[in-house]
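Residues per chain, in single letters:
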Amino acid sequence: MLKMYYIVLVVIVGLVIWLVADFARNSAQARDILSDINKLGGTTGGPTIDLPPSLPPHPGDLPDIFKPRVEVVPVAPPPVTVAAGPNYILTGTIIEPSGPTAFISNPTTNVEYTCKIGTKIDEWEVIEIIPEEVKIRNRNGDIRTLPVQKSWTGPKFDLGGKIEIPPEIINIPGAQDMIKRVSEGKESIEVVEQTIDALAKTLPPAFIRDFIKQNIGLAEEDMPKDDAKLGDFGKNLFRLLQGEQPNPAQSQSLENVTFTLRVNPDNSPVSPQTLFKPGDRRIYACFQNQGSLQGLAKVVTRWTNRTTKEIIGFGPKALNPGTPYNFIWWEKKDGWPVGEYEVELLNAQTLGKIAAGKFSIVP
């Protein structure tokens, strides 16, 4: 039995030695063959066969081995969209025990909003009102801070500026001389009215409407639908700018306008008064939504210094027909001159006076 064990052991050892020798011989032959092929390619100009690069280390599991290699290209994050700043101007704030109030104006549309915390203007919501500052937020969470701009003077039309006369009017024979005489106060209202009649018959109605919209701020719906009535409408506008009444003057009851330095949340006046100081920067004109004013969404306003007979403000003003009161305001950043003043509200379609009130600036 022991002799058989030695025989088996010798056979196994011999088999292992043979396998090792055969592997070494075959590896040497493979290297010699590849070396000869490369030498052959080098002498005849044929292609050189390179050994394949060594395989990377085993990655691990089979799914990792057969996973397709995808080149990962870094993707830049999308640009952050910053909401455009709102076209609003904060004209003032009032901090009352009942809650703060802010007055926010849109200088493009000449609309002023009376706002509380939570009030929404278009896509923006008022979230904070403090003295001289308001914060508003849109649906994306963007927050804008509006500081009080004390230089804002209200309506678009300001008699301190100049109306740009387009070439279509200046190039009409005699028009430029007429404009010069009117600006110098050397022409009568009757002669100017005759000129306006002639212009209304010469110029395209669309041009006349656009001129009124650009310079007075009235909208298309505020003007006569009939083009033949544009001449009379233009003449009445001119008379109003000269401190006169429309021709013929409208005969209807006038509503009362009261004045104050502050307004309540319902737009009614706080402590109405008729006497003010030159340093009272902003004066509010309040009126009830009743009578001739009931349900109106817009009026034309005229502020007149009756002492100097100067029109200090003229233009359209949007109203809220659903509130008990409405108000308009005018601001003199350099102080109010001493004198007597009148505020008139005119129907936007007829230009007839429908409300009025007077106040005084005293030393």
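Residues numbered from 1 in each chain as written. Predicted model: local features only at pLDDT ≥ 70, side-chain atom pairs only at ≥ 80, totals over all residues. Heavy atoms only, no water.

Asks: Can you tell me about the overall build of the chain, naming the residues and giving the values?
Replies: Across its full length, the chain holds seven helices and 18 strands. Counting all 363 residues of the chain, 36% fall into the buried class. Of the contacts made within the chain by residues no fewer than 6 positions apart, 56% connect residues no fewer than 24 positions apart. When the accessible area of the chain is evaluated, it comes to approximately 22300 Å², of which 58% is carbon and sulfur surface. (Helix = DSSP H or I, 4+ residues; strand = E, 2+ residues; numbered from the N terminus. Buried < 20%, exposed > 50% of the residue type's maximum accessible area, 1.4 Å probe, protein only. Contact = heavy atoms within 4.5 Å. Areas by Shrake-Rupley, 256 points an atom, 1.4 Å probe, with all protein chains shown as cover.)

Asks: A description of the pattern of salt bridges should follow, citing residues and the corresponding values.
Replies: This structure, assessed with the given rule, holds 16 salt bridges. Of the charged contacts, one joins Lys135 and Glu133 as a salt bridge, the two residues approaching to 3.2 Å between their closest N and O atoms. Salt-bridge contacts for Glu331 lead to Arg282; the nearest nitrogen and oxygen are separated by 2.9 Å. In this pair, Glu331 is assigned in strand β16 (residues 325-331) and Arg282 in strand β13 (residues 282-288), connecting sequence segments 49 residues apart. For the residue pair Glu331 and Arg282, the accessibility class agrees, reading buried in each case. Through salt bridges with shared partners, a single ionic network connects Arg302, Arg306, Glu342, Glu344 and Lys353. (Salt bridge = Lys/Arg side-chain N within 4 Å of Asp/Glu carboxyl O.)

Asks: Mind laying out the packing of helix α5 (residues 189-202) against helix α7 (residues 230-241), listing which residues take part and the relevant values?
Replies: Between α5 and α7, whose axes approach to 9 Å, the crossing angle comes to 145 degrees. Crossing angle aside, the handedness with which α5 passes α7 is right-handed. Here α5 contributes Ile189, Val192, Glu193, Ile196, Asp197 and Ala200 to the contact with α7, which in turn contributes Gly231, Gly234, Lys235, Phe238 and Arg239. Along the lines of polarity and charge, the residues of the contact of α5 with α7 split into five nonpolar, two polar and four charged. (Axes fitted to C-alpha atoms, helices over the stretch in contact; angles between N-to-C directions. Left-handed = near helix turned anticlockwise from the far one by under 90°. Nonpolar A, V, L, I, M, F, W, Y, C, P; charged D, E, K, R; others polar.)

Asks: Any details on the pairing of strand β7 (residues 143-147)? Residues and values, ideally.
Replies: Strand direction decides the pairing type here: strand β6 (residues 133-138) and β7, joined by five bridges, are antiparallel. Bridged to Val134 within β7 is Leu146. In this antiparallel pair of consecutive strands, β6 and β7, the connection spans four residues, and Gly141 shows a positive phi of 90 degrees. (Pairing = 2+ DSSP bridges.)

Asks: Let's hear about unusual backbone geometry: which residues, and what values?
Replies: Of note in this structure, Ser271 is not a glycine but carries a positive phi near 50 degrees. Relative to the assigned elements, Ser271 resides in the loop between β11 (269-270) and β12 (275-276). Under the relative-accessibility criterion, Ser271 is labelled exposed at 52%. Of note in the backbone geometry, Lys309 takes a positive phi value of approximately 60 degrees without being a glycine. You can see Lys309 is positioned in the loop between β14 (298-305) and β15 (310-318).

Asks: Please provide a residue-by-residue account of the sheet that holds strand β3 (residues 111-115), values included.
Replies: Judged by pairing direction, the sheet is antiparallel, and its three strands sit side by side in the order β1-β2-β3 without closing on themselves. Of all strands in the sheet, those bounded by a partner on one side alone are β1 (89-96) and β3. Strand-to-strand twist in this sheet, taken as the mean axis angle between neighbours without regard to direction, amounts to 15 degrees. In this structure, strand β2 (residues 99-106) lies alongside β3, joined through five bridges in antiparallel fashion. Across the sheet, Ser105 pairs through a bridge with Glu112, a residue of β3.

Asks: Please provide a residue-by-residue account of the pairing of β14, values included.
Replies: By the criterion of burial, β14 is predominantly enclosed, with seven of the eight residues buried. In sequence, β14 turns back onto β15 through a hairpin of four residues, with Lys309 there showing a positive phi of about 60 degrees. Here β14 runs beside strand β17 (residues 339-347); their pairing, made up of seven bridges, is antiparallel. Across the sheet, the residue bridging to Arg302 is Glu344, located in β17.

Asks: Tell me about the sheet that holds β6, and name the residues and values.
Replies: In space, the four strands of this open sheet follow the order β4-β5-β6-β7, with antiparallel pairing throughout. Two strands in the sheet have a free side with no partner beyond their single neighbour: β4 (120-121) and β7. Across two bridges, β4 lies against strand β5 (residues 124-130) in antiparallel orientation. Following the sheet pairing, Ile121 is matched in β5 by Trp124.

Asks: Let's hear about the side chain of Ser360: which residues, and what values?
Replies: Secondary-structure assignment places Ser360 in strand β18 (residues 353-361). At 2.6 Å, the side chain of Ser360 forms a polar contact with the side chain of Glu340. Setting aside its immediate chain neighbours within four residues, Ser360 contacts Thr274, Leu275, Phe276, Gly339 and Glu340. (Polar contact = N/O pair within 3.5 Å; in protein donor to acceptor, adjacent residues only side chain to side chain.)

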